[in-house]
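Topology and contacts: notes
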Amino acid sequence: MVGTQPDPPTWLVLACGLLALAAVVPDRAWRVARNVATITHEGGHALAALVTGRRLGGIRLHADTSGVTVSAGRPTGPGMVLTSAAGYIASPLLGLGGAWLLAAGHVTALLWISLVLLGGMLVLIRNPFGAATVLAAGAAVFLISWLTPASVQAAFAYLLTWFLLLGGLRPVVELQHERRRRRAPNSDADQLARLTRVPGLVWVALFALTAIAAILAGGRWLLHLG
């Protein structure tokens, strides 16, 4: 049975936010934490492909924290546009959903939804490193859900949600950095530019605005400011 839990103290929520920030900002920590961001990025592509009726071929996650999601269908049109756009907005939107659940006290629901999403993604993984990465993430969520007290579960849920929110912005910054150096001619933004004739920079700005808006709104919910 999924119930509600009392709100954790504000200092704990802030501490979780600072820990998430420490995983996102320093390059050394980000090189590891970025694997989680890649899971959400490719998961966003995959979910959008399924929702729009495209045939999903599979997902590959690589040791350099890159990833690729293969789908088949019309090479143009709304389905392809949504599938291409979903990667960079997946983490902020998941974080926003997590913040809404936590604001309502649904810590257990957030953890179980995370497990379901990871389980669904595992079925779609097509390479050993990707499978190991998703299994490790799922095992961590499962063990915390089953073996730790409610206070630890809440702290982990807040840490994860803060990471999804804060970790949704850095990949967008990195994307534009690579685009400025002309190292990402086939990035999601540039593919969207070719599909829609809307400049890639506009798509990058949309990704960034989505991430910033999610941080602001999600932060208010997590801190119970609104």
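For the structure, check the block above.
Along each chain, residue indices are assigned from 1 in the same order as the chain's sequence is written. Per-residue local features of the predicted model are confined to residues with pLDDT of at least 70, and side-chain atom pairs are confined, for both listing and counting, to 80 or more; whole-chain, interface and lining totals are unaffected and use all residues. Calculated side-chain values reflect all of the structure's heavy atoms, with hydrogen atoms and water omitted.

Helix and strand counts for the protein chain stand at nine helices and two strands. Overall, the protein chain shows an N-to-C arrangement of helices and strands of α-α-β-β-α-α-α-α-α-α-α. Each of the three principal axes of the protein chain carries a C-alpha extent, and together these read 50 × 35 × 30 Å. Think of it in three bands: residues with accessible area under 20% of the maximum for their type are buried, residues over 50% are exposed, and the middle band is partly exposed, with areas taken using a 1.4 Å probe on protein chains only. Expressed as a percentage of the 226 residues in the protein chain, the buried residues total 46%. Summed over all atoms, the accessible surface of the protein chain reaches about 11700 Å², with 70% contributed by carbon and sulfur. The way it works is that DSSP assigns letters per residue, a run of H or I at least four long becomes a helix, a run of E at least two long becomes a strand, and they are numbered from the N terminus. Using a 1.4 Å probe, accessible areas were evaluated by the Shrake-Rupley method; residue-level cover was limited to the displayed protein chains.

This part is about the nonpolar core. Working definition of a nonpolar core: buried Ala, Val, Leu, Ile, Met, Phe, Trp, Tyr and Cys residues. They are joined through side-chain atoms within 4.5 Å. Within the largest apolar cluster, 43 residues are counted, with the highest numbers of intra-cluster contacts made by W162 and L222. At the level of secondary structure, the elements contributing two or more residues to this core comprise α1 (10-24), α2 (27-51), β1 (55-61), α3 (78-103), α4 (107-124), α5 (128-147), α6 (150-166) and α9 (200-222). The element best represented in this core is α6, accounting for 11 residues. Discounting residues that sit within four places of it in the chain, W162 has contacts with V13, C16, G17, A20, G167, G219, L222 and L223. One finds V172, L175, L192 and V204 within the second-largest nonpolar core, a separate group that totals 11 residues. Here a residue-residue contact requires only that any non-hydrogen atoms of the pair lie within 4.5 Å.

Nonpolar side chains (Val, Leu, Ile, Met, Phe, Trp, Tyr) are joined into patches within 5 Å and like charges within 9 Å, using only residues with over 30% relative accessible area and no salt bridge. The rule for a salt bridge is simple: a side-chain nitrogen of Lys or Arg has to be within 4 Å of a carboxyl oxygen of Asp or Glu. The grouping of W112, F142, L143, W146 and L147 at the surface amounts to a nonpolar patch, some 570 Å² of accessible area in total. For W112, a relative accessible area of 36% gives the class partly exposed.

All right, on to α6 then. Since the α-helix advances by 3.6 residues per turn, residues separated by three or four positions end up pointing in the same direction. Spanning 17 residues, α6 covers 24 Å between terminal C-alpha atoms, matching the ideal 24 Å at 1.5 Å per step. Most of α6 is tucked away, with 13 of its 17 residues classed as buried. One less than the residue count of a helix, multiplied by 1.5 Å, gives the span that helix is expected to have.

It is worth spelling out the packing of α3 against α6 at this point. A pair of packed helices is characterised by two quantities: the angle between their axes and the separation of those axes. Geometry is summarised by axes, namely lines fitted to C-alpha atoms with helices restricted to the contacting stretch, and by angles between N-to-C directions that run from 0 to 180 degrees. Where α3 contacts α6, the two axes come as close as 7 Å, and the packing angle between them is 145 degrees. Pair α3 / α6 crosses with left-handed handedness. Taking contact as the criterion, the partners of S91, P92, L94, G95, L96, G98, A99 and L102 in α3 are, on α6, A157, Y158, T161, L164 and L165. Considered class by class, the residues forming the contact of α3 with α6 number nine nonpolar, four polar and no charged. For any pair of crossing helices, the crossing counts as left-handed if the nearer helix is rotated counterclockwise from the farther one by less than a right angle, and right-handed if it is rotated clockwise. Each residue is assigned to one class: nonpolar for Ala, Val, Leu, Ile, Met, Phe, Trp, Tyr, Cys and Pro, charged for Asp, Glu, Lys and Arg, and polar for all the others, Gly among them.

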